[in-house]
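Given next are the chains, with one letter for each unit.
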Amino acid sequence: MAPLTRFGWTLPVDARIELARNWGYALEFGGYVTEAAAARLEDPNSIESRLVELAASDPETYRLGVICSRELPKEVPPETWTHTADGKFIAGNGEVWEPNHTGKPGRMIWSPEAPDEVFREAGRLRADPLRKVRAKAPIAVILNGGEYALSVPGHHAKHWQRDPRILRAKGDRNWFAYTSERKAHQEMIISQAIRQAVPDRQLYIYYPCGGGTYRGENPDWQQWCWGYEWMEPISDLPS
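These numbers come from a predicted model, not from an experiment.

Definitions and limits used
- Residues numbered from 1 in each chain as written.
- Predicted model: local features only at pLDDT ≥ 70, side-chain atom pairs only at ≥ 80, totals over all residues.
- Heavy atoms only, no water.
- Axes fitted to C-alpha atoms, helices over the stretch in contact; angles between N-to-C directions.
- Helix = DSSP H or I, 4+ residues; strand = E, 2+ residues; numbered from the N terminus.
- Parallel < 35°, antiparallel > 145°, perpendicular 65-115°, else oblique.
- Left-handed = near helix turned anticlockwise from the far one by under 90°.
- Contact = heavy atoms within 4.5 Å.
- Nonpolar A, V, L, I, M, F, W, Y, C, P; charged D, E, K, R; others polar.
- Pairing = 2+ DSSP bridges.
- Expected span 1.5 Å × (residues − 1).
- Buried < 20%, exposed > 50% of the residue type's maximum accessible area, 1.4 Å probe, protein only.
- Polar contact = N/O pair within 3.5 Å; in protein donor to acceptor, adjacent residues only side chain to side chain.

(A) Structural context of the packing of helix α1 (residues 13-22) against helix α3 (residues 47-57). Following both chains from N to C, one finds α1 and α3 inclined at 15 degrees, their axes separated by 12 Å at the closest point. When the axis of α1 is compared with that of α3, the two are roughly parallel. As α1 runs across α3, the sense of the crossing is right-handed. Residue-level contacts link Val-13, Arg-16 and Ile-17 of α1 to Ile-47, Arg-50, Leu-51 and Leu-54 of α3. Of the residues belonging to the contact of α1 with α3, the class tally is five nonpolar, no polar and two charged.

(B) Structural context of the sheet that holds strand β6 (residues 203-206). One open sheet holds the four strands; their spatial order is β1-β2-β5-β6, and the pairing between them is parallel. This sheet does not close on itself; its edge strands, each paired only once, are β1 (27-33) and β6. Each strand of the sheet is rotated relative to its neighbour by a mean of 15 degrees, with strand direction disregarded. Bridge analysis of strand β2 (residues 64-68) against strand β5 (residues 139-144) gives four bridges, and the strand direction is parallel. Residue pairing across strands places Gly-65 opposite Val-141, the latter belonging to β5. Those strands touched by helix α7 (residues 175-197) are β2, β5 and β6, and its axis lies near 150 degrees from that of β6.

(C) Layout of α7. Along its 23 residues, α7 runs 33 Å from first to last C-alpha, staying within 8% of the 33 Å computed at 1.5 Å per residue. Counting buried positions along α7 gives 18 out of 23 residues, so the element sits mostly inside the fold. Here α7 starts with a cap whose side-chain oxygen sits 3.2 Å from the backbone nitrogen of Phe-176, and that cap is Asn-174.

(D) Geometry of the packing of helix α5 (residues 153-160) against α7. For the pair α5 and α7, interaxial distance at closest approach is 11 Å and the crossing angle is 100 degrees. As the angle between them shows, α5 and α7 are arranged roughly perpendicular. Residues Pro-153, Ala-157 and Trp-160 of α5 form the contact with α7, whose participating residues are Trp-175, Phe-176 and Thr-179. For the contact of α5 with α7, the residue count by class is five nonpolar, one polar and no charged.

Next up, the structure:
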């Protein structure tokens, strides 16, 4: 069976070891596996180094569990963002501003049509540090907490409908079907990078990938999730 995992605050080292040794949990690496965290593996006195060494010494008992980085590229093409018909960016609060605006009236809104290159780089930012951990010890479970890049229609459809490029791509589909397909496309690029970095993992879990948590709960449930029929391939198991 797969080990149990947690997605939340980092536990003390002794608690992580106890849960792995006696309670069926993966041995938690702790925190996001970023380049900075992977670099600490070179310090034999670091917590990361000690835990990975433990996993390498007894991988049956101490099945390593990690949370992949959620870092996104710092430099992206303008097409990454949602625009008005006259080419201005749309901020998270609905305000519009010029591409060279230096203030921060709100966060720019991810476009469903953001270029694939952005997600290839996001995949690399997750995969590279995972490879460094895997070089030291087997990784059993990789968690991806999501909550980055493209959001759900309930948040941003009112802004996406102001972008002619998005409307052309959407066509006659409803927002649920269209954004589910686009989210699945974007996340699959990241999933493939992670799977290639750790091909011998037991599980890769993208946690917002489930069988419709809100299905039927209220009339507008499709506004707050992505459809599982599109998202199913993203995760090794639904969450």
